[in-house]
Amino acid sequence: MNKKLSVGGQAVIEGVMMRGPGKIAVAVRQPDGKIAVDVKPTSSISDTYPILKKPFLRGIVSLVESLAYGMKALAYSAQTSGEDEEQLSKKEMAGSIAVSLLLAVGLFIVIPTGAMKIFQMLGVRSVFLNLFEGLLRLAIFLTYIAVISRQKDIQRVFQYHGAEHKTIYTYEHDLPLIVANVRPFSTLHPRCGTNFLMIAMLISIFIFAFLGWPSFWERILSRILLMPVVAGISYEVIRYAGKHMDHAWVRKAILPGLLLQKLTTREPDDEMIEVAIASLKAVLPPEEIREAEDAQ
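My aim in this report is to walk through the structure given alongside it, one point at a time. (Residues numbered from 1 in each chain as written. Predicted model: local features only at pLDDT ≥ 70, side-chain atom pairs only at ≥ 80, totals over all residues. Heavy atoms only, no water.)

1. Some thoughts on the packing of aromatic side chains
Here's step 1: What the rule picks out here adds up to seven aromatic pairs.
Here's step 2: An angle of 65 degrees between the planes, with centres 6.2 Å apart, marks the rings of Phe 108 and Phe 141 as edge-to-face. Highlighted residues: Phe 108 in helix 3 (residues 90–115) and Phe 141 in helix 5 (residues 126–148), separated in sequence by 33 residues. Here the two residues Phe 108 and Phe 141 agree in accessibility, since each one is buried.
Here's step 3: Judged by centre distance (5.9 Å) and plane angle (10 degrees), the rings of Tyr 169 and Phe 185 are stacked. Of this pair, Tyr 169 sits in helix 6 (residues 152–172) while Phe 185 sits in the loop between helix 7 (179–182) and helix 8 (193–208); the two residues are 16 residues apart in sequence, bridging distant segments of the chain. (Phe/Tyr/Trp six-rings, centres within 6.5 Å; stacked < 30°, edge-to-face > 60°. Helix = DSSP H or I, 4+ residues; strand = E, 2+ residues; numbered from the N terminus. Buried < 20%, exposed > 50% of the residue type's maximum accessible area, 1.4 Å probe, protein only.)

2. A short note on a nonpolar patch on the surface
Here's step 1: Residues Ile 118, Phe 119, Leu 122, Phe 128, Phe 132 and Leu 135 make up a contiguous nonpolar surface patch of roughly 590 Å² in combined accessible area.
Here's step 2: Per-element tally for the nonpolar patch: the top contributor is helix 5, with three residues.
Here's step 3: Secondary-structure assignment places Phe 119 in helix 4 (residues 117–121). (Patch = residues over 30% accessible without salt bridge, like charges linked within 9 Å, V, L, I, M, F, W, Y side chains within 5 Å. Areas by Shrake-Rupley, 256 points an atom, 1.4 Å probe, with all protein chains shown as cover. Salt bridge = Lys/Arg side-chain N within 4 Å of Asp/Glu carboxyl O.)

3. Here we look at the environment of Thr 170
Here's step 1: The topology assignment puts Thr 170 in helix 6.
Here's step 2: We classify Thr 170 as buried; its relative accessible area is 0%.
Here's step 3: Spatially, the C-alpha atoms of Thr 170 and Leu 225 are 39 Å apart, while their sequence positions differ by 55 residues.
Here's step 4: Setting aside residues up to four positions removed in sequence, Thr 170 forms contacts with Leu 175, Pro 176, Leu 177, Asn 181, Val 182 and Phe 185. (Contact = heavy atoms within 4.5 Å.)

4. Points about the pairing of strand 3 (residues 23–29)
Here's step 1: A large share of strand 3 lies buried, amounting to six of its seven residues.
Here's step 2: With six bridges joining them, strand 2 (residues 15–20) and strand 3 adopt antiparallel strand pairing. Looking at strand 3, one finds that Gly 20 is bridged to Lys 23.
Here's step 3: Sheet topology note: the strand 3/strand 4 (residues 35–41) ladder contains seven bridges and is antiparallel. (Pairing = 2+ DSSP bridges.)

5. What to know about the pattern of salt bridges
Here's step 1: Across all of its chains, the model carries eleven salt bridges by this definition.
Here's step 2: In this structure, Glu 274 and Arg 29 form a salt bridge, with 3.1 Å as the shortest nitrogen-oxygen distance. Linking Glu 274 in helix 13 (residues 270–283) with Arg 29 in strand 3, this pair joins segments that are 245 residues apart in sequence.
Here's step 3: Here Arg 29 falls in the buried class, since its relative accessible area comes to 14%.
Here's step 4: It is possible to trace a salt-bridge network through shared partners that takes in Glu 133, Arg 137 and Arg 223.

6. Details of unusual backbone geometry
Here's step 1: In the Ramachandran plot, Phe 56 falls in the positive-phi region, its phi being about 80 degrees despite a non-glycine side chain.
Here's step 2: The topology assignment puts Phe 56 in the loop between helix 1 (45–48) and helix 2 (57–80).
Here's step 3: Residue Phe 56 is classed as partly exposed on the basis of its relative accessible area of 45%.
Here's step 4: We note that Asp 174 has phi near 60 degrees; this positive angle belongs to a residue other than glycine.
Here's step 5: By secondary structure assignment, the location of Asp 174 is in the loop between helix 6 and helix 7.
Here's step 6: Since its relative accessible area comes to 33%, Asp 174 is described here as partly exposed.

7. Comments concerning the packing of helix 2 against helix 10 (residues 227–243)
Here's step 1: Viewed as axis vectors pointing N to C, helix 2 and helix 10 meet at an angle of 100 degrees, and their least axial separation amounts to 7 Å. Classified by the angle their axes make, helix 2 and helix 10 are roughly perpendicular. Mapping the contact onto sequence places Arg 58, Gly 59, Ile 60, Ser 62 and Leu 63 in helix 2 and Pro 228, Ala 231, Gly 232, Tyr 235, Glu 236 and Arg 239 in helix 10.
Here's step 2: Across the contact of helix 2 with helix 10, the residue classes tally to five nonpolar, three polar and three charged. (Axes fitted to C-alpha atoms, helices over the stretch in contact; angles between N-to-C directions. Parallel < 35°, antiparallel > 145°, perpendicular 65-115°, else oblique. Nonpolar A, V, L, I, M, F, W, Y, C, P; charged D, E, K, R; others polar.)

8. Observations regarding the sheet that holds strand 3
Here's step 1: Pairing in this open sheet of four strands is antiparallel, and the strands run 1-2-3-4 from one edge to the other. In this open sheet, the two edge strands, each paired with only one partner strand, are strand 1 (8–12) and strand 4. Ignoring strand direction, the axes of neighbouring strands in this sheet form an average angle of 15 degrees.
Here's step 2: The strands touched by helix 2 within the sheet are strand 1, strand 2, strand 3 and strand 4, with strand 1 carrying the most contacts at an inclination of about 40 degrees.
Here's step 3: Running over the sheet, helix 6 touches strand 1, strand 2 and strand 3 and is turned about 160 degrees from strand 1.

What follows is the structure in structure tokens.
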């Protein structure tokens, strides 16, 4: 098997975004049934500042850049699929990101740490307060995923999420990118963002357990400031797991994240797989595509 390029992706509205070395592509199924593919060159700030490629720092950079590219891909897919006829301005997009972050902080940080006041009044020790807070945060996260997974529009996005994983698996196994080859693969992938979130949740429980129990606002600030640390560690865990899935203990360690993907992915239909294939082909070097076509 040839050494494959590192590619990653994201499901969007009626489509899939794929990111490879130097290029990012968003493929979307249009209302007329045709597939629109938008390809743009991409670069990382770590190319300018190589120190940012060091372990832990690269995870923070990857998270920030993935969020930025992901929001742009969602905006493009909403317009191209007919869900949104107006193009979001950069200011509107920034505002949308800011509101989303504030809601996330409120739901996953403010509410869990504030709720621990009840246990504090009962004289529970600080280490257990932090542990209970982390478990409540995890429960809120799982409940949130379970609730949104019941919405029909979100279920379609999750189907495209499954198509993205299946297509990347096909490429990683050095098989021609055709629907018949993609269909048998699993919708669960160790390098998935869902897996990243689950690992980040579990790592944050461990880290925050040793922070004591200062004032309410100090707790909120500490959780926010330590997010990059949690992201950096989680990225390294995901990176290691993706390269060592042949080890049984690695497969067991990432099992919670894989199980969560049963909620965030669905089996796609063939038309969704075609979109994912179009997106992946758009970020691959032409010679790889020719080799795959010759192998068919």
